[in-house]
Amino acid sequence: MSNKTKILFLGNSSFLQRRILPAVKKIEKLEILICSKSSKINKEKKIYYNNYYKALNSKPDIVYVSLTNNLHFKMAKSALKKNCNVIVDKPITQNLIEAKKLIKIAKKKKLLLAEATVFNYHKAFKEVIKIIGNSRNIIHIQSNFNIPIIKNISQVRQTNGDNLMDMSPYAAAIIRLFFKKKFKISIRKTFYNNTKLVKNFYIFCDSQKLTYFGNFGNEREYLSEVKFFSKKKIISINHQAFALPANKKILLTVKENNKLIKINTLKDDAIKNFMNDILKSIRNKKYENYYNNIFFDASIRDQLRKQ
């Protein structure tokens, strides 16, 4: 009998194949199962099911929901009710009400519930704090995340996949990670023609000692960067900052006294680090931090949607 932890992936997206599975396969204690509605069963490719509910009946230890946004809440709820620990691609829910419902079930059943917003699990972000001296030295953060993808409006509406839903988890996570005191948020949005679907948004967050500006957009030249400002330095992660590639050195640019210094960080894998943290939490049955993160980020998303 296998002593491995069974992890079931609901969905078989290109992101799962490109980024998640290569990371998860490095963790020997995990046994991988995939449920894909659009693929034939192929055990060599780990595809064991093509019906989500039959897959849940197999009693996996962890269910990772990697489906379109409109299915996240529904399938997460079903997995929790089957007594499975649950991870969900961002955004875990469409609003705070749904997030509260999932957290309530998870707490009652003493199960893990986590949203897979993982960029900060990469060593590059720890290196930034090391270079800047202390996170309290940061006075401003700036992020740009723009992608050239052109979306089909009917599909965006059907899957609840507008830009605010897809990218606001990154903005919410930055606020959660770096703003420790009271803050104010404002947002500006542009929309797809004749819809209320957000195409681009600009967020500004302000506390007494720290400000954050985020620019997130579709149908633009690709750009993914985060800059941290202290009184003496500007440190930039300017290569796929929100989806840092695994096992490659990441270039940090440090500007100080009007001079540029380039630093290569060690190779790392944010998704692997995230999954190892998940397994540790399950062993120790400590989930409160994940619940709190979900609640905070969903609250931010609600504020952004309503403004």
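Keep in mind that what you see is a predicted model, and the values were worked out from it rather than measured.

(A) Region of the structure containing the sheet that holds strand β14 (residues 259-264). Spatial ordering of the open sheet is given by β8-β9-β10-β7-β11-β12-β13-β14, a layout of eight strands whose pairing is mixed. Each edge of the sheet is formed by a strand with only one pairing partner; in this case those strands are β8 (184-191) and β14. Averaged over all pairs of adjacent strands, the angle between their axes in this sheet comes to 15°, without regard to strand direction. Looking at chain direction, strand β11 (residues 223-229) and strand β12 (residues 233-237) are connected through four bridges and run antiparallel. In the strand pairing of β12, K227 is matched with S236. Helix α9 (residues 288-306) contacts β8 and β9 (198-206) of the sheet and is inclined by roughly 55° relative to β8.

(B) Focus on the side chain of S236. When you line up the elements, S236 lands in strand β12. If near-sequence neighbours (up to four positions away) are discounted, S236 is found in contact with V226, K227, L251, L252 and T253.

(C) Focus on helix α3 (residues 69-81). Along α3, the residues that are buried comprise N69, H72, F73, M75, A76, S78, A79 and L80. The positive-phi residue at the C-terminal boundary of α3 is N83, with phi of around 65°.

(D) The packing of α3 against helix α4 (residues 96-109), seen in detail. Interaxial distance between α3 and α4 falls to 10 Å at its minimum, and their mutual angle equals 10°. By the angle between their directions, the pair α3 and α4 is classed as roughly parallel. Only E98, K101, L102, I105, A106 and K109 of α4 make contact with α3, whose side of the interface consists of F73, A76, K77, L80 and K81.

Quick notes on the rules
Residues numbered from 1 in each chain as written. Predicted model: local features only at pLDDT ≥ 70, side-chain atom pairs only at ≥ 80, totals over all residues. Heavy atoms only, no water. Pairing = 2+ DSSP bridges. Helix = DSSP H or I, 4+ residues; strand = E, 2+ residues; numbered from the N terminus. Axes fitted to C-alpha atoms, helices over the stretch in contact; angles between N-to-C directions. Contact = heavy atoms within 4.5 Å. Buried < 20%, exposed > 50% of the residue type's maximum accessible area, 1.4 Å probe, protein only. Parallel < 35°, antiparallel > 145°, perpendicular 65-115°, else oblique.

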